[in-house]
Amino acid sequence: MINGQKLTEIINTTHENVKYLKGIKLPESVFAVPDLVDAAKDADILIFVLPHQFVKRCCDSLAGKLKSGAVGISLIKGFERSPEGGIELISKNISSRLNIQCSVLMGANIASEVAEEKFCETTIGSAEMEMGKTLKELFETSYFRVVVVDDVYTVEACGALKNIVACAAGFSDGLGYGDNTKAAVIRIGLMEMVKFTEVFFTGSKLSTFLESCGVADLITTCYGGRNRRVSEAFVKSGKTIEELEKEMLNGQQLQGPHTADEINVMLKNKKMEDKFPLFTAVYRICHREIPPQALIDCIREHPEHM
């Protein structure tokens, strides 16, 4: 509720999402429907954009209630923990829960800049290239350019893992290090992203990291994203991540610390924490097992330097 009024009512009367996209006028053809099943039941294409912690509840509500032949595309950045102690890609989780084909869209796409129609690129990962072409037609505009690849798992993994690297970049900024140090953090973070996908997602392609979902999104997030911004404040203020989320994010949550938690479970189970020092350091700093200052020691002795 905002000033006693439901956000859906405000959107439908003012054509503005005053909570999450203030100052941007939405097309009059866009309607906010408060009931999830009612909104989705006749859709041919379902676009999933929500914090990954709520995917299960969302899918449970939709299961068995979708139009035959419906497909999905996920913009969600993160992983789902599997009962076996590993991780599962969100698109795969959606696909199995709803029995639909699910592609992914990831890229250097800060929401406010896209809404202001500033030029950017994005990557769609689709196992079926014909469906990828359809999704490209749906999303692409003169200012939002789309490249379609079939390396779905790598596209999605990049979207999740880059948020961990952005936390490390924020810690570096909070400690007062300069652009040289941040560049080292980004490079080492990219190396761990590549290695992680090679180890855990068979068939990943190195070329995918050169698309918008890879290096471009990583750079943008490490300089302009909320994971970087809150992580910097975490170092400077001494407050917890949870306190800073409430103060700085207007009801949103950080994905970086959650994703660091999820992959750390897998790395511990596989006894591979030492192979991913940056990912492991971010996890341990967020949980205050080590101080932020220890980040540089962790990457100074990185296997990449040995």
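In the block above lies the structure referred to throughout.
Summary of the structure given here. (Residues numbered from 1 in each chain as written. Predicted model: local features only at pLDDT ≥ 70, side-chain atom pairs only at ≥ 80, totals over all residues. Heavy atoms only, no water.)

Our next topic: helix H10 (residues 226-237). Compared with the 16 Å implied by 1.5 Å per residue over twelve residues, the 16 Å span of H10 between its first and last C-alpha is a close match. Among the residues making up H10, those that are buried are Asn227, Arg228, Val230, Ser231, Glu232, Ala233, Phe234 and Val235. Looking at the buried side of H10, the elements it contacts are helix H7 (152-174), helix H8 (179-200), helix H9 (212-224), helix H11 (241-248), helix H12 (256-269) and helix H13 (277-286). Gly238, located one to two residues past H10, shows a positive phi value of around 80°. (Helix = DSSP H or I, 4+ residues; strand = E, 2+ residues; numbered from the N terminus. Expected span 1.5 Å × (residues − 1). Buried < 20%, exposed > 50% of the residue type's maximum accessible area, 1.4 Å probe, protein only. Contact = heavy atoms within 4.5 Å.)

The next subject is the sheet that holds strand E7 (residues 144-149). Pairing in this open sheet of five strands is mixed, and the strands run E1-E2-E5-E6-E7 from one edge to the other. The outermost strands of the open sheet, each flanked by one partner alone, are strand E1 (45-48) and E7. Neighbour-to-neighbour, the strand axes of the sheet open up by a mean angle of 25°, direction not taken into account. Bridge analysis of strand E5 (residues 102-106) against strand E6 (residues 120-125) gives three bridges, and the strand direction is antiparallel. The residue of E6 that forms the bridge with Val104 is Gly125. The sheet strands contacting helix H6 (residues 129-139) are E1, strand E2 (71-74), E5, E6 and E7, and the helix crosses E7 at an angle near 175°. (Pairing = 2+ DSSP bridges. Axes fitted to C-alpha atoms, helices over the stretch in contact; angles between N-to-C directions.)

The subject of this paragraph is the nonpolar core. Judged by nonpolar contacts, the single largest core of 51 residues is most densely connected at Phe79, Phe196 and Phe279. Of the residues forming this core, the biggest block, eleven residues, is contributed by H7. Beyond its immediate sequence surroundings of up to four residues, Phe279 is in contact with Leu161, Ile164, Val165, Gly189, Glu192, Met193, Phe196 and Ile263. Core analysis: the next-biggest nonpolar cluster, separate from the first, contains 15 residues, Ala40, Phe48, Leu62 and Ile94 among them. (Core = buried A, V, L, I, M, F, W, Y, C linked by side-chain atoms within 4.5 Å.)

Below, the discussion takes up the packing of H8 against H13. Viewed as axis vectors pointing N to C, H8 and H13 meet at an angle of 105°, and their least axial separation amounts to 8 Å. The angle between the axes of H8 and H13 places the two elements in the roughly perpendicular class. Only Pro277, Leu278 and Phe279 of H13 make contact with H8, whose side of the interface consists of Val185, Ile188, Gly189, Glu192, Met193 and Phe196. When its residues are assigned to classes, the contact of H8 with H13 shows seven nonpolar, one polar and one charged. (Parallel < 35°, antiparallel > 145°, perpendicular 65-115°, else oblique. Nonpolar A, V, L, I, M, F, W, Y, C, P; charged D, E, K, R; others polar.)

With five of five residues buried, E5 is to be regarded as a mostly interior element. The sheet contact formed by E2 and E5 spans three bridges and is parallel. Each bridged residue has a counterpart across the sheet, and for Gly72 the counterpart in E5 is Cys102.

We now examine the pattern of salt bridges. Counting across every chain of the model gives 18 salt bridges. With a shortest N-O distance of 3.0 Å, Lys56 and Asp60 are connected by a salt bridge. Of this pair, Lys56 and Asp60 are both found in helix H3 (residues 55-62), four residues apart, which corresponds to roughly one turn of the helix. Among the residues examined, Asp60 registers a relative accessible area of 42% and is labelled partly exposed. Ionic pairing is found between Arg97 and Asp60, a salt bridge with its closest N-O pair at 3.6 Å. With Arg97 in helix H4 (residues 90-98) and Asp60 in helix H3, the pair connects residues that are 37 residues apart, well separated along the chain. Classification of Arg97 by relative accessible area gives partly exposed; the value is 31%. Several salt bridges converge on common partners, so that one network encompasses Asp173, Lys182, Arg228, Glu232 and Lys236. (Salt bridge = Lys/Arg side-chain N within 4 Å of Asp/Glu carboxyl O.)

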